[in-house]
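# A look at the structure
Next come the chains, spelled out residue by residue.
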Amino acid sequence: MALVSKSIPNFINGISQQPPSLRLASQGEAQENGYSDIVEGLKKRPPTKFKRKLNTGSPASSTYLTATELATAHIHTYKRSAIEQFTVILVPATPKLYVYDIEGRLRYESGVASWSATGSQIATNSDTATLSAYFGTSLNNQQVTATSVADYTFYVNKEKVITRDETSPDNVRPFEGIFYLKQADYGKVYKCKVNNTSNVLVFSGNYESLSVDGENGKTPTEEYESLKTGVIMNVISGKDTSENVSLSSSSMTFPSGYVRDGHTDAPFFTISNSSTDFNLIANDDEGGTSLFAHKDSVSNFTSLPKYCQSGFIIQVNGDNQKKEDDFYVKYSGSESSGSWKECPAPSRPNDSQYHSFTTSTMPHTLVQNANESFSFTTGVWDERKAGDDDTNPFPSFVGGKINDVFFHRNRLGLLSDENVIFSEANGFFNFFRTTARSLLDSAPIDVAVSQNEVSILKAAVPFQEQLLLFSEINQFTLSSDQLLTPAEVSIDTSTNFECDLTAKPVGAGNSVFFSVQNGTFSGMREYYTTGDTEVKDANLITAHVPNYLAGSVKQMIASTNENLLLVRTTTDAKELYVYKWYENETERLQSSWSKWKFDANIAHVAFNNEEIFIIFEDGRFENMTLTLDAQLLNIYPMHLDHQQKFTSGAPSMDYTDSALVYYNSKGEQVTATTVGTSSVPVYGGIPYTFKYQLSEQVFKPAQGDASDIARFQLRTISFTYNDTGTFTVTQTNGRRDPTSAVFTGRLLGDLDNLLDQSAVDTSGNFKVGVQSQAKEAKIEITNASPLPSVFQKAEWEGFVKLRSTRI
C-alpha cells in the first residue's frame, strides 16, 4: 500500500454535477454563501447592510411596502452615476408607482408628491389617473417592461394595443385650388373656369389686357405689375374689358358654398368649397404659359406662386431623377410675405387623414424634472409632419402590441411582432420621417426579420456595436456598416437556440446571457462572437450543473466589473444563483456556479459597480459590498446580514426581528439591552452559514487515467487559509458517526491573537484527520459565525493499493 498525496490548487470553480472522475480539482459538490475570487480564493460572501425599509406616503412615514406588493411588483433600477441611482417600483394591481434613491429614500409616489433627498416636499402630483388608464388593475409584472434614457424612463404595457388617433381628422382643409397669373402681355385674353366634377360650368371669367400708356406717372415696370393684378381682379369680378361690359349674369353666378379669395396686389386668387369637389381650367393666348390653374397637385415646386393664401395646401409631384416621393406643402404668411413648407396630407371632405397616435396606448414616461421632482405622463409623441400613409406610413407597431423597449445608438427602439422599430436619431418621441421628399439618415427605421419560421421578437440587447434580437427559437443580429440608418440597416439570423425569455437576457462585456428551459430546471447560455472568425455561438455554461437552477429564471443581472452573474428563479425566493467567471485572453480559467441563501424572500437585485443592492419582500432595502476584505473589516467587521452599526443607544431599526443577534467589534456576542452601554461599536444582524462540500477525491496517477479498481484510503487533509476567524470541518462516513474539527482562530503565540480584537488569523494551515475510504468520505467546511473565512487550497494524503500494474 503506497502513501500518496495531491494538492487541490484552489476552490474557485464552484460546484459540478459531473461524476467525480470528470470534475476539475477546483470544483466541489456544494457551495453556499461563498464567493469564488481568483485573487483571494474561496471566501465567505460579504453580508448585506441594512439601509432602511421602503416607506410610502412620505419619507418620514412608518407605513411600508408590503410583501404582497413587492412580490408582485415590477421593479426597474436605472443609474445616472455612481452615486445617483434610482429604483422604480410599479405595483401593477393598484396601480401605484414609487421612486427610491440609492439610499432607499422615497423620492416620488404617484398621486402624492415628490421629495428631495433631505425629505422636503418638492411638488405634488395627480398621476394616479394616468397610471390607471394605462396599466389597469389586472396586469402582472411580466406584462410590463421599461428602459431609461437620461431623465426619461419609458414604460410599456405589453398588453396594450397601439392605435392611431381617429377621434377627429387632422389638418382639415376644404377642396381648394388656385389660379395664378405668372406673366401678362398686352392685348391678350385670359380665361378662368370652374367646373364641378361632372364638367358642368360653375363659374367663368375672362379679361383682355390693355396697352400700357404710362399714365398716372407709372413706369413701364410698375404698370406691368399692375397689369398682372388687374387681369386677376377683373377675372374675379367678371369684367370683360374687350367689350367694356360685365359678363352675363349666367356666367357671373357663383353658387353657394364656393368661396373666391382674391388679392389686390398679388396675381392669384383661390377657389374653395367645404363640401363639394370641383375642377379648374385656365386658358390664355400664350399656349398656357402665363395663366395656371392648380388643383390637388402640381408637377413641380417651381410651378407654385411665390405668395399665396395663408393655409393653402397642395401636393407636389416628386422628381424621379432626384428619387423624390410626392410631398405636400402649405403656405404660411400673407399675400406679400410668407413661405411654403412641407406638411402632412390634408383632410379633405370625405377623405380623412390621421397623423397622430392615441397617446393613451403609447409607451408612457416617468420623467425626472429639472427641480428633481418626478412626473408620470403619456409622453409627448410627435405627430406626422409630412406625407401620408403611402409616403410616410405609421410604424408597424400600430395595430399591434409592444414586446420590449430599449435604447440603441441614440435611438429609442421597440419590438412588435417580427419588427424592430427605431425612433428618429436623437428624437426619442418621433417615429415618422420629417420629410417625405427623401430618406434622411436620421429617419426612423422599421425593419422585419427575415426567417421562414414565425419569429415573434421578445427581447433586444445592445451587443458590442450590434443589437441582439431574441425570439423563443432564434437569435438575430441587427447591424449597419457605419451609421445606423434606414438605408444601411440589416438583420441576419445569427444562432438558432430555443430560449426562455421570462427573464430578459443581459449583456456583460463581450457576452450576452440568456436562459433555457430544461424540464423543471433552467440552463444558461452565453452568446458571444469569436473575434477572428466572426463566428457566433452560445455555449451552455450550465452543462456541468444541468439540475442546479431550480425552476424558471425570473431575473438576471450581470456586472462586467466583477465578472458576475446573479440569477433569481421561481422555486425559492430566498436564493440567488451566482455565476463567476474569469478569462485569460481566449481561455476561460474560472466558471463557477454556486448559490447564496438568505433568510427572507428577495424581490429584486441590482448592481452599481462593486455593490449589489437587494430589495427583500419584507421591505428591507440593503446593499452588499463585494470588495469586503480584511482592510474593510473596521467598517463591516461582522458577517451578519441586514447589518447595522450602533455606536451608542439602544437599537432602533425600522423593522422588528426576534432573530437579530448583536456582536461587538471584539467578536463578543452581546444582548440588545447592553448595546447602549458597550464601550465599543456593536453590530446587529442575522448570522448566515457558509458551506463548501469537497468533491469525492479520486485517485489519478501522474501518468494514466483514474482508477476505480484501486482501494483509495484518505488519511488526512490540510486546508490553507488566510484572514480567517473560525470554521468547522465535518467528515461524514455512512458507517460511523460524523466527526468535526473546529478552527477557532486563537493560536497560542500568534501575534494576531489579541484579546481585545476578534479572533482572525492572517494565514496558516489546518490539518484534519479523515481515515476513511475516499468514495465514502463526505468532507464539508462550514462557518456559521459572524467572522470571515478565506480558503486558498488544500492538500490530502492517502493510501492507494493496486493489485495490478497499469498498462
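Residues numbered from 1 in each chain as written. Predicted model: local features only at pLDDT ≥ 70, side-chain atom pairs only at ≥ 80, totals over all residues. Heavy atoms only, no water.

### Details of the side chain of arginine 348
In this fold, arginine 348 is placed in the loop between β26 (338-343) and β27 (364-368). Take arginine 348: its relative accessible area is 14%, and that puts it in the buried class. In terms of polar contacts, arginine 348 uses its side chain to reach the backbone carbonyl oxygen of proline 174, at 2.6 Å. The contact partners of arginine 348, leaving out residues within four places of it in the chain, are Arg173, Pro174, Phe175, Glu176 and Ile313. (Helix = DSSP H or I, 4+ residues; strand = E, 2+ residues; numbered from the N terminus. Buried < 20%, exposed > 50% of the residue type's maximum accessible area, 1.4 Å probe, protein only. Polar contact = N/O pair within 3.5 Å; in protein donor to acceptor, adjacent residues only side chain to side chain. Contact = heavy atoms within 4.5 Å.)

### Description of the confidence of the model for the protein chain
Chain-level statistics for the protein chain give a pLDDT mean of 88 and a share of 89% at 70 or above. Below pLDDT 50 for its whole length, residues 212-216 participates in 5 contacts with residues either more than four positions away or in separate chains. This model gives residues 243-252 a pLDDT under 50, and the stretch forms 13 contacts once residues within four places in sequence are excluded. (pLDDT = per-residue confidence, 0-100.)

### Section: the environment of asparagine 55
Assignment of secondary structure puts asparagine 55 in the loop between β5 (48-53) and α1 (67-72). On the accessibility criterion, asparagine 55 (5% relative accessible area) is buried. Note: C-alpha distance between asparagine 55 and arginine 620 (565 residues apart in sequence) is 9.6 Å. If sequence neighbours within four positions are ignored, asparagine 55 has contacts with Ala60, Ser61, Thr63, Tyr64, Tyr100 and Leu106.

### Some words on the nonpolar core
Formed by 35 residues in total, the largest nonpolar core has its most connected members in Leu97, Phe135, Tyr155 and Phe397. Only β7 (85-91), β8 (96-100), α2 (128-135), β12 (144-149), β13 (152-157), β28 (374-377) and β30 (411-416) provide two or more residues apiece to this core. Formed by 28 residues, the second largest nonpolar core is a distinct cluster that contains Phe766, Ala794, Trp796 and Val800. (Core = buried A, V, L, I, M, F, W, Y, C linked by side-chain atoms within 4.5 Å.)

### A word on the sheet that holds strand β34 (residues 466-470)
Read from one edge of the open sheet, 4 strands run β33-β34-β35-β36, paired in antiparallel fashion. Sheet topology places β33 (459-463) and β36 (490-495) at the edges, where each strand pairs with a single neighbour. Each adjacent strand pair in this sheet contributes to an overall mean axis angle of 30°, direction not counted. (Pairing = 2+ DSSP bridges. Axes fitted to C-alpha atoms, helices over the stretch in contact; angles between N-to-C directions.)

### A word on the pattern of salt bridges
According to the stated counting rule, one finds 27 salt bridges in the structure shown. Lysine 458 serves as the salt-bridge partner of glutamate 472, at 3.2 Å between the closest nitrogen and oxygen. Highlighted residues: glutamate 472 in the loop between β34 and β35 (475-479) and lysine 458 in the loop between β32 (445-448) and β33, separated in sequence by 14 residues. It is possible to trace a salt-bridge network through shared partners that takes in Asp101, Arg105, Arg107 and Glu372. (Salt bridge = Lys/Arg side-chain N within 4 Å of Asp/Glu carboxyl O.)

### Section: the sheet that holds strand β6 (residues 74-79)
The strand order β6-β7-β8-β9-β10-β11 describes an open sheet built from 6 strands, whose pairing is antiparallel. In this open sheet, the two strands that pair with only one neighbour each are β6 and β11 (121-124). Ignoring which end each strand starts from, the neighbouring axes of this sheet average 20° apart.

### Digging into α2
Taken as a whole, α2 has its buried residues at Leu131, Tyr134 and Phe135. Buried residues in α2, looked at end-on, bunch into an arc of 80°, giving them a common side. Along α2, the residues that are exposed and aim more than 90 degrees away from the buried face are Ala129 and Ala133. Buried residues in α2 make contact with β7, β8, β12, β13, β27 and β28. (Arc of directions from axis to C-beta.)

### As for the pairing of strand β45 (residues 587-597)
Look at any regular strand and the pattern is simple: side chains alternate between the two faces of the sheet. As defined by bridge partners, strand β44 (residues 575-584) adjoins β45 across 10 bridges and the pair is classed as antiparallel. Bridge assignment links valine 578 to a residue of β45, and that residue is serine 594. A loop of 2 residues connects β44 with β45, the two strands running antiparallel in sequence, and glutamate 585 in this loop sits at a positive phi of about 60°.

### Examining the packing of aromatic side chains
The full count for this structure, using the stated rule, is 47 aromatic pairs. Ring centres 5.8 Å apart and planes at 90° place the aromatic pair phenylalanine 406 and phenylalanine 422 in the edge-to-face group. With a gap of 16 residues between them, phenylalanine 406 in strand β29 (residues 404-408) and phenylalanine 422 in strand β31 (residues 419-422) connect regions that are remote in the sequence. Like phenylalanine 422, phenylalanine 406 is buried. Between the NZ or CZ atom of lysine 44 and the centre of the ring of tyrosine 688, over which it lies, the distance is 4.7 Å. Stacked on the ring of tyrosine 688, the Lys or Arg arginine 45 has its end atom at 3.8 Å from the ring centre. (Phe/Tyr/Trp six-rings, centres within 6.5 Å; stacked < 30°, edge-to-face > 60°. Lys NZ or Arg CZ within 6 Å of the ring centre and 35° of its normal.)

### Focus on unusual backbone geometry
Cis geometry marks the peptide bond from threonine 94 to proline 95; its omega dihedral reads -20°. Mapped onto the elements of the fold, proline 95 is located in the loop between β7 and β8. For asparagine 410, which is not glycine, the phi dihedral falls at a positive 65°. Looking at the secondary structure, you find asparagine 410 in the loop between β29 and β30. We classify asparagine 410 as partly exposed; its relative accessible area is 34%. In this structure, asparagine 426 takes a positive phi of about 65° despite not being glycine.

### Let's talk about the pairing of strand β38 (residues 511-518)
Buried residues dominate β38, accounting for 6 of its 8 residues. For strand β37 (residues 506-508) and β38, the ladder comprises 3 bridges, and the chain directions are antiparallel. Across the sheet, glycine 507 pairs through a bridge with valine 512, a residue of β38. Between β37 and β38, which pair antiparallel and follow one another directly, the connecting turn spans 2 residues, one of which, glycine 509, has a positive phi of 65°. In the sheet, β38 pairs with strand β39 (residues 521-529) via 7 bridges, with the strands oriented antiparallel. Note on β39: the bridge partner recorded for phenylalanine 513 is glutamate 526.

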